[in-house]
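A look at the structure
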Amino acid sequence: MSVSVKSLLSTLSARGPHRVLRGNLGIAGQPGVVFTPESGLGLPAVAFAHGWLTSAENYKSLLEHVASWGFVVAAPDTERGPIPSHLDLATDLLTTLDIVSKVRLGDGTISVHPDRLALAGHGMGAGAAVIAAAQRRVAAVAALFPSPTSPAAENIAPELDTPGLILAGATDLDSVNSNARALATAWAGPSLLRTIDGASHNGIIEGRRLFAALGAGRYEHKTEKATRALLTGYLLSALLGDKTYAPFTDPEADLPHTKVVDPQAPVEEEAPKLSIGTVAKLIRG
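Thresholds, definitions, all that
- Just so you know, the residues in each chain are numbered from 1, in the order the chain's sequence is written.
- A pLDDT threshold of at least 70 governs which residues receive local features in this predicted model, and a stricter bar of 80 or more applies before side-chain atom pairs are shown or counted, although totals over entire chains, interfaces and linings include all residues.
- As a convention, hydrogens and water are excluded, and side-chain values are obtained from all of the structure's heavy atoms.
- Here a pair means two rings of Phe, Tyr or Trp (six-membered ring of Trp) with centres within 6.5 Å. Their orientation is stacked below 30 degrees between planes, edge-to-face above 60, and tilted elsewhere.
- Type-normalised accessible area, obtained with a 1.4 Å probe on protein chains alone, sets the label of each residue: buried when under 20%, exposed when over 50%, and partly exposed for intermediate values.
- Only DSSP runs of H or I with at least four residues qualify as helices, and only runs of E with at least two residues qualify as strands; both kinds are numbered from the N terminus onward.
- Any pair of residues with heavy atoms lying within 4.5 Å of one another is described as a contacting pair.
- Pairs of N or O atoms are called polar contacts if they sit within 3.5 Å, as long as, within protein, a hydrogen donor faces a hydrogen acceptor (for residues adjacent in sequence, only side-chain-to-side-chain pairs).
- Definition of nonpolar core: a set of buried residues of the types Ala, Val, Leu, Ile, Met, Phe, Trp, Tyr and Cys, connected through side-chain atoms within 4.5 Å.
- In this tally Asp and Glu are treated as negative and Lys and Arg as positive; neither His nor the chain ends contributes.
- Criterion for a salt bridge: a side-chain nitrogen of Lys or Arg within 4 Å of a carboxyl oxygen of Asp or Glu.
- What the arc describes is the spread of directions from the helix axis to the C-beta atoms.

Comments concerning the packing of aromatic side chains
The tally for this structure, following the rule as stated, stands at 2 aromatic pairs. Aromatic side chains Tyr-245 and Phe-248 sit 6.5 Å apart centroid to centroid with 50 degrees between the ring planes, which places their arrangement in the tilted category. Judged by its relative accessible area of 12%, Tyr-245 falls in the buried class. Its relative accessible area of 2% is what places Phe-248 among the buried residues.

Spelled out as structure tokens, the structure:
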């Protein structure tokens, strides 16, 4: 009997079966971190780019979670200032992929399969992942709550025939901080735009209490929990071809608390809200 999608989501939101090790990419000349299963040869790998004014450390739980499901997950820790270069971050992503795919990791018992590579990122890092994917063939790209970059990722997406997952908050899909719809519209390959109920753009960022106090968005446990399940399931299906997790790459699959959005569909404009005073004037004529 097949496992229900709801059960799969619950399983994938919990830590996977692998013990996770942490390493320093700086040893290979690239500032950043890498998380790996304790051992394994020919593993899939993901290079992850952080968002604006964050670092790899702000995604520690998410990166460790994906690694616990059998992936090598590496994140460059560069372009952290207020005026980052998205092109340079994309270059660092590619350098990161080169390191993890060509060097034996851990005590030599961990290696990466060269055909099982993915790029991912959050916010501006999602755009950097798209920019990087145009320069190197990978098996999949995951853009988590993407935001505008320079050059614009949506101008590069028509060059990509790579499968792509795009996640966004249901309420801020069309905000100035999100280019998720434009990115999905422009994507040449098979892309999947999925919104998460109740999620906001910065909900997966950990440990930014000061920025949250200034109104830059608070960490949302439910958003991070849903994101790690959706991302892990997508990678298991896209990189490993595991049919158990096929619903995570299927645009027809109904995943609880999420919605697949057709980026080509007309956007319904919300009717303006009238104040009580305005309504009273209309009634009086």
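Next comes the rest of the write-up.
Observations concerning helix α4 (residues 124-133)
With 10 of 10 residues buried, α4 is to be regarded as a mostly interior element. All of the buried residues along α4 are Met-124, Gly-125, Ala-126, Gly-127, Ala-128, Ala-129, Val-130, Ile-131, Ala-132 and Ala-133. The elements touched by buried residues of α4 are β3 (40-49), α3 (86-102), β5 (110-122), β6 (140-144), α5 (153-156) and α6 (180-186).

Observations concerning the side chain of Arg-194
Within the secondary structure, Arg-194 sits in strand β8 (residues 191-196). Among the polar contacts listed, one links the side chain of Arg-194 to the side chain of Thr-258, at a separation of 2.9 Å. Not counting chain neighbours up to four residues away, the residues in contact with Arg-194 comprise Ile-166, Leu-167, Ala-168, Leu-230, Pro-247, Asp-250, Ala-253, Leu-255, Thr-258, Lys-259 and Val-260.

A short note on the nonpolar core
The tendency in soluble globular proteins is for nonpolar side chains to be buried as a group. If you look at the biggest cluster of nonpolar residues, it comprises 44 residues, and the most contacted ones within it are Val-72, Leu-93, Val-100, Leu-119, Ile-166, Leu-183 and Trp-187. Considering every element that reaches this core, the biggest residue donor is α4, with 8 residues. Contact partners of Val-72, with chain neighbours within four places excluded, come to Val-34, Phe-35, Thr-36, Pro-37, Leu-43, Pro-44, Ala-45, Val-46, Val-100, Leu-105, Ile-110 and Val-112. Leu-9, Phe-35, Val-73 and Leu-165 belong to the second-largest nonpolar core, a separate cluster that totals 42 residues.

Quick word on the side chain of Asp-92
Relative to the helices and strands, Asp-92 is located in helix α3. An unpaired buried charge is present at Asp-92: no salt bridge exists, and Arg-80, the closest side chain of opposite charge, is 11 Å distant. When near neighbours in sequence (up to four residues on either side) are disregarded, Asp-92 contacts Gln-30, Pro-76 and Thr-78.

Details of the environment of Leu-12
As for its placement among the helices and strands, Leu-12 is situated in helix α1 (residues 5-12). The spacing of Leu-12 and Val-66 is 54 residues in sequence and 9.3 Å in space, taken between C-alpha atoms. What Leu-12 contacts, discounting residues up to four positions off in sequence, is His-65, Trp-69, Arg-228, Ala-229, Thr-232, Gly-233, Leu-236, Tyr-245 and Phe-248.

Re the environment of Asn-179
Of note, Asn-179 is situated in the loop between β7 (164-169) and α6. Owing to a relative accessible area of 5%, Asn-179 belongs among the buried residues under this scheme. The sequence separation of Asn-179 and Ala-168 amounts to 11 residues, and the corresponding C-alpha distance is 9.2 Å. Those residues in contact with Asn-179 that lie beyond four places of it in its chain are Pro-146, Ser-147, Pro-148, Ala-153 and Glu-154. Of note is the side chain of Asn-179, whose polar atom sits 2.8 Å from the side chain of Glu-154.

So, α1
Turning to α1, its buried residues number three or more, namely Leu-8, Leu-9 and Leu-12. One face of α1 carries all of its buried residues, which in axial projection span an arc of 100 degrees. Where α1 is buried, its residues meet α2 (60-68) and α8 (221-240).

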